[in-house]
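# What the coordinates show
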Amino acid sequence: MNLAIRTTATLPADLVTVAGERAVCDPRGVLYFPELALLAVSDLHLEKGSSLARRGALIPPYDTAATLARLQAVIVDYAPRIVISLGDSFHDGEGASRLHDEFRERLETLISGRDWFWIAGNHDPDAPADLPGETVRELAIASLVFRHEPSKGQAAGEVAGHLHPCARIVQRGRSVRRRCFAGDGARMIMPAFGAYTGSLNVLDRAYSGLFNRESLVAYMMGKDRIFALPGAMLRAG
Amino acid sequence: MFQFSLGLAARSRYLWRVTAKPRPTDDSAEIRLPEPFVRWFAAKGWAPRAHQMELLARAQAGQSVLLIAPTGAGKTLAGFLPTLTELAERPKRRPGEGHRGIHTLYISPLKALAVDIERNLGKPVEEIGLPVTIETRTGDTPAHKRQRQKLVPPDILLTTPEQLALLIAASDARRFFEDLRYVIFDELHSLVTSKRGHLLALGLARLRSFVPDLRAIGLSATVAEPDELRRWLVGQSSSNVTPTPDPSPQGGGKSCGGVSGKNFQAVLLAEEAETSPSSLRGGVRGGGSAQPIQPMAGLITVAGGAKPEISILDSRERVPWAGHSARYAIPEIYEAIRQHKTTLLFVNTRSQAELLFQELWRANEDALPIALHHGSLDVGQRRRVEKAMADNALRAIVATSTLDLGIDWGDVDLVVHVGAPKGASRLAQRIGRANHRMDEPSKAVLIPANRFEVLECRAALDANYIGAQDTPPLLEGALDVLAQHILGTACAAPFDADFLYEEVTSAAPYAGLDRPTFDRVVDFVATGGYALKSYERYARIRKTKEGLWRVTHPRIAQQYRLNIGTIVEMPELNVRYVRQGKVTGYGGRVLGKVEEYFAETLRPGDNFLFAGKVLRFEGIRENECVVSSGGGKTQIIVPSYAGGKFPLSTYLADQVRAMLADPDRWHTLPEQVEDWLRLQKEKSVLPKRGDLLVETFPRADRHYMVAYPFEGRLAHQTLGMLLTRRLERANARPLGFVATDYSLAVWGLDDMGALFAAGKPTLGALFDEDMLGDDLEAWLNDSWMLKRMFRTCAVIAGLIEKRFPGQEKTGRQVTVSADLIYDVLRSHEPDHILMQATRADAAAGLLDVSRLADMLSRIRGRIVHKRLDRISPLAVPVMLEIGKESVNGEANETLLMEAADLVEEAMGAGLAGGSE
């Protein structure tokens, strides 16, 4: 009966289920499975700034610092036993080798003492250079399967990233667009976590066939809470 | 001899037109026109005007000149006369001799204007038999023609500021411009007020360093501070200042009034600190002067032609308290259209244009040809309207700004300005440009949309009568523009930072730029200028062993060329017209563009007003907003546009305050407005000219505070933001505010009147200037406005690339949005040069901070508090605005919460399968 249980202990967040597994949609953009002590995060796109700088766009080199600081905060809050980074953890194949020593150390500290999985993504198909953790193509735990790109058609228990979902509503003549978790109870597609990651509307054709449209919910990320909005309220574009 | 005029607006059809009877002139006797000109004039029965000969004399003496003249005074010919006479006497090119470079560069803000000049300069050049080639170079010029222009340059090149930036960034720039003698800036007053003007000023500085004795000629409408434009035209570095006597043949302080007929005189002003950029006088230091001398171009002012006949509509109807539609006056406007040949109707915004057009057609019983023209309409559509107008096929045209409009305005015999003009000079320019017969008065009617606008129209009319000008002061050169220019300079050839700094500070907008800031901008161009020096290896420009900054990769120059310019549009979608229900598939006519954020608020089936049609929104397809024929719905939405809203000028604001304070002047106002002010005097108080009136009163279950600073909507919005923060801190529990051009209302739960009376806080403390410190800073950092300005700065500075049409929205995943960059930069390096540029832009632009600061200092100790038990007559207009304004950008969370709560309330449990 609980539409939205707000866990007052940490931050208010929404409790959802993915193929029967209970999970918390955290407004900071991570998914936490309390029974499994498992934290999933997707599309970190670390070193995106330097990746673009190589091609002449000198955007501020602080994205890795910003992304890691936010990641550290959620890991400290949940103290998960397992962390799964759902792919595109680095913006390109050499991203990990460009990592500043300071950030490498910070990442190593986060990894140590827990099971850390790097799921291979399209941006980073190979294991990140000189970093601990295990690199896998996909990972099955309990009734869940973690992979980077959502597989075609409906797939119960799949937790994926890649698409960078966002949702848009119009209220009082104004359009509000936010990153979101997109789920229909069977599958969950996670928002991109990286500081420089853009997003794609869940109503875009790239998502067609992935969800049961009647039960699609966009868990839109607010400043300090999640706003759960049914598919019927969402706007394209 | 005879006179002729080359009117700006009349160029297309009346290129050389006799305006008065022949009359001998002696002042210009010393200046000789070359023989072919004299013969040609004689054949036509014409003669040059005094200011044209005067400009020729000064240019020949090596001087740069600013010519201020009204429309129809032959400004353009004056500008080209030095060029044409010089080219006429140039020796023929010998066989085997290389091609000569560009002799004269003409720069106009409008592509269309350049094309028009080419057509109209060509004819006399041919008739006189001058061996002169004239060509345009705009964004539309085909590549093969550009290529050829590089190999065989024309004598006169007509172009735009963006094209100049491209030309000077080319590797052959120095050679291409080595023969340049003159550069002519048309419509200089409109070029200099924007970042476009900053880029152009830097381009001019570049040209001057290619050709030190280059002469610049500026053509301008009347402005408040001509000296700003005079400085803009010449180099500002102190090393080439020469305080010589006036080099004009007539000497200083002379007037040649009356030479060219009544209502028309050229006044030659005394010039104290004249520069002489010619090599003859160059290099001589202005010795001994303690004050730094700011060099200026010479000035020739031609007093206006016939004064326009302006009146304010004294309506039979009731003038509304608030609003901007002027709907009440439609029958009277329509009647005026019927009584005139061609009426030009100006409005302030595109939304108002759409509304007025719709209303006029509703009233159009005679089916008169009435057209619509604004900047968002499809270009083809605009050109058709302009052509119909030139052919005198239209009876009326509803338009936004003069610059949106093409060149030839047909026989306009009435200008109607709907809504207040917001500035005296704006009004004068709009009316002036509509009239191209400078010896005949133009006729204009002002239609105030509400009662305050009546006061404002009256003030503008009085200002026009006395010739008062309130063009905005020029701003300091923007740093994002400088970054673009520095990269462009490096794209042309490696540069020395010391030389470039000298050159940049010779451009008037950058004369005050300090060296450390300049170096930071160079650093930004090279590696992004971040405190974290991690991009050294990706540098775009790098210092060579010889100490020159050089582009690291040819790709950098290619990227630069694609992103040149300072006009950054809001993301827009094409409006494509299809059959109903036919969202997919292709084809259909493009009607114009709407801003993306507007299209995003529409739902399929919604009706909205655009291009004079009621359209039905079908959906968004890639970068297009697909529509079909609408109608039948009662609710029709009018798109809003971000730009185009000008705040009330400081001058007019002061005049309005003066009028309020002086009952003797009220008799010039319509009776209903006079009654309104009289009632205010009885029930509350009318503030003295320098005072700030603050009224407090209860209404329903709220308490209100209304202040009347008359400082324009932007400054009032900023003030509203800051006041509510302060009232919140004083526990007055404010709930919201609304701002108009004239006043500001704040409402809350507590009786603010009682709080002020008890000194908790005092009004003096509430309105203290210190609000512009920390409060402003704190609010600004979170403001959506700052994000919007950052995007513009980032694009201009070359940090992110322009978004081109055709780039699909799915690209969002890949590109990094300016908002995300802003967030990261703000938390990691808030003092970055680009953040600094953004804040400067915001303070000068959307926030109008300097005006707010002036106001706060003006009203110190002069606040009049009036506690009332009910709303006052003067407060009605702003109170009517409450609830009309949409929630601003910061309320997004609230909107989300509303939507989510709505869902919870309606659906209760079991919203979705995903929840327990």
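Everything quoted here is computed from the prediction, not taken from an experiment.

The next thing to look at is the overall build of chain B. Of regular secondary structure, chain B possesses 32 helices and 28 strands. The 916 residues of chain B split such that 47% are buried. Across chain B, every contact between residues at least 6 apart in sequence was considered, and the portion connecting residues at least 24 apart equals 76%.

Let us now look at the packing of helix 9 (residues 195-210) of chain B against helix 17 (residues 497-506) of chain B. All names here are of chain B. Contact pair helix 9 / helix 17: the axes reach a minimum separation of 8 Å and the direction vectors enclose 120°. Looking at the two axes, helix 9 sits oblique to helix 17. The two elements helix 9 and helix 17 cross, and the hand of that crossing is right-handed. For the pair formed by helix 9 and helix 17, the contact residues are L202, A205, R206, R208 and S209 on the first element and E503, V504 and S506 on the second. Considered class by class, the residues forming the contact of helix 9 with helix 17 number three nonpolar, two polar and three charged.

The next subject is helix 4 (residues 111-128) of chain B. Residues and elements named next belong to chain B. Taking 1.5 Å per residue, 18 residues should reach 26 Å; helix 4 reaches 26 Å between its end C-alpha atoms and fits that length. Inspection of helix 4 places L113, A114, D116, I117, N120, L121 and V125 among the buried residues, and these make up the whole buried set. Contact partners of the buried residues in helix 4: helix 3 (75-88), strand 2 (104-107), strand 3 (134-137) and strand 4 (156-159). Looking one or two residues beyond helix 4, the residue adopting positive phi is G129, at roughly 80°.

The next subject is the sheet that holds strand 20 (residues 607-610) of chain B. Residues and elements named next belong to chain B. What the six strands build is an open sheet, ordered 19-18-22-21-20-23; its pairing is mixed. The open sheet has two edge strands, strand 19 (589-595) and strand 23 (636-637), and neither has a second partner. Looking at chain direction, strand 18 (residues 572-577) and strand 22 (residues 624-629) are connected through four bridges and run parallel. Bridge pairing links N574 to E624 in strand 22.

Residue and element names in this part refer to chain A. A large share of strand 11 (residues 165-171) lies buried, amounting to six of its seven residues. As defined by bridge partners, strand 11 adjoins strand 14 (residues 200-201) across two bridges and the pair is classed as parallel. Among the inter-strand pairings, C166 is bridged to a residue of strand 14, identified as N201. Of the strand pairs in this sheet, strand 11 and strand 12 (residues 174-183) are connected by six bridges, and their pairing is antiparallel. Across the sheet, the residue bridging to V170 is S175, located in strand 12. Hairpin geometry of strand 11 and strand 12 is characterised by an intervening segment of two residues between the two adjacent antiparallel strands and by a positive phi of about 50° at R172.

On the chain A side, the residues contacting the 51 residues of chain B number 51 residues. Contributing elements (two or more residues each) for the side of chain B that touches chain A: helix 19 (554-562), helix 20 (596-600), helix 28 (818-828) and helix 32 (892-907) of chain B. It is helix 32 of chain B that provides the largest number of residues to the side of chain B that touches chain A, a total of ten residues. Here the residues of the side of chain B that touches chain A sort into 25 nonpolar, 16 polar and ten charged.

Attention now moves to the sheet that holds strand 2 (residues 21-25) of chain A. All names here are of chain A. The strand order 1-2-3-4-5-6-7 describes an open sheet built from seven strands, whose pairing is mixed. Lying at the two open borders of the sheet, with one neighbouring strand each, are strand 1 (14-18) and strand 7 (134-136). Pairs of neighbouring strands in the sheet enclose a mean axial angle of 25°, with direction left out of account. Where strand 5 (residues 82-85) and strand 6 (residues 115-119) come together, four bridges link them in parallel fashion. Within the sheet, the bridge partner assigned to I84 lies in strand 6 and is F117. Across the sheet, helix 2 (residues 63-78) lies against strand 3 (31-33), strand 4 (38-41) and strand 5, angled at about 165° from strand 4, the strand it touches most.

Below, the discussion takes up the environment of A:A73. Residue and element names in this part refer to chain A. Relative to the helices and strands, A73 is located in helix 2. For A73, a count of 12 C-beta atoms within 10 Å puts it in the exposed group. Residues A73 and R28 lie 45 residues apart in sequence; the distance between their C-alpha atoms is 9.5 Å.

Moving on, we come to the domain arrangement of chain B. Partitioning chain B into domains gives domain 1 (35-91 + 98-280 + 294-302), domain 2 (309-466), domain 3 (479-562), domain 4 (572-637) and domain 5 (891-916). Using C-alpha coordinates to define each centre, domain 2 of chain B is positioned 46 Å away from domain 3 of chain B.

All names here are of chain B. Relative to each other, helix 23 (residues 713-729) and helix 30 (residues 849-858) sit at 70°, their axes nearing to 8 Å. Classed by the angle they form, the pair helix 23 and helix 30 counts as roughly perpendicular. From helix 23, A715, T718 and L719 reach across to helix 30, where they touch V849, R851, L852 and M855. Along the lines of polarity and charge, the residues of the contact of helix 23 with helix 30 split into five nonpolar, one polar and one charged.

This part covers the confidence of the model for chain A. Detailed reading of the predicted model is not advised wherever pLDDT is low. Summing up the model confidence of chain A, the mean pLDDT is 90 and the portion of residues at 70 or higher is 95%. Across residues 1-13 of chain A, where pLDDT falls below 50, the model places 25 contacts with residues more than four positions away in sequence or in other chains.

Now for the environment of B:F41. Residues and elements named next belong to chain B. Checked against the element boundaries, F41 lands in helix 1 (residues 35-44). You can call F41 partly exposed: it has 18 C-beta atoms within 10 Å. Counting along the chain gives 122 residues from F41 to Q163, while the straight-line C-alpha distance between them is 34 Å. Dropping the residues within four chain positions of it, F41 is found in contact with W46 and A47.

Moving on, we get to the nonpolar core. With 250 residues, the main nonpolar core has B:L67, B:V183, B:L345, B:I397, B:A745 and B:A794 as its most contacted residues. Discounting residues that sit within four places of it in the chain, B:I397 has contacts with B:L344, B:L345, B:A371, B:H373, B:V385 and B:M389. Membership of the second largest hydrophobic core comes to 63 residues, among which are A:V159, A:L216, A:V217 and A:Y219.

Strand 16 (residues 226-230) of chain A sits mainly inside the fold: four of its five residues count as buried. Counted between consecutive antiparallel strands, the loop separating strand 15 (residues 217-221) of chain A from strand 16 of chain A contains four residues.

Turning next to unusual backbone geometry. The amide bond that connects B:K760 to the next residue, B:P761, takes the cis arrangement and shows omega of -5°. Mapping B:P761 onto the fold places it in the loop between helix 24 (752-757) and helix 25 (763-766). Of note in this structure, A:D130 is not a glycine but carries a positive phi near 55°. In this structure, A:D130 sits in the loop between strand 6 and strand 7. Its identity is not glycine, yet B:A700 carries a phi of approximately 50°, on the positive side. Along the polypeptide, B:A700 turns up in the loop between strand 24 (692-699) and strand 25 (702-707).

Basis of the calculations
Residues numbered from 1 in each chain as written. Chains lettered and ligands numbered in written order. Predicted model: local features only at pLDDT ≥ 70, side-chain atom pairs only at ≥ 80, totals over all residues. Helix = DSSP H or I, 4+ residues; strand = E, 2+ residues; numbered from the N terminus. Buried ≥ 20, exposed ≤ 12 C-beta atoms within 10 Å, placed from the backbone. Contact = placed C-beta atoms within 7 Å. Axes fitted to C-alpha atoms, helices over the stretch in contact; angles between N-to-C directions. Parallel < 35°, antiparallel > 145°, perpendicular 65-115°, else oblique. Left-handed = near helix turned anticlockwise from the far one by under 90°. Nonpolar A, V, L, I, M, F, W, Y, C, P; charged D, E, K, R; others polar. Expected span 1.5 Å × (residues − 1). Pairing = 2+ DSSP bridges. Domains from an automatic or database assignment. pLDDT = per-residue confidence, 0-100. Core = buried A, V, L, I, M, F, W, Y, C linked by C-beta atoms within 7 Å.

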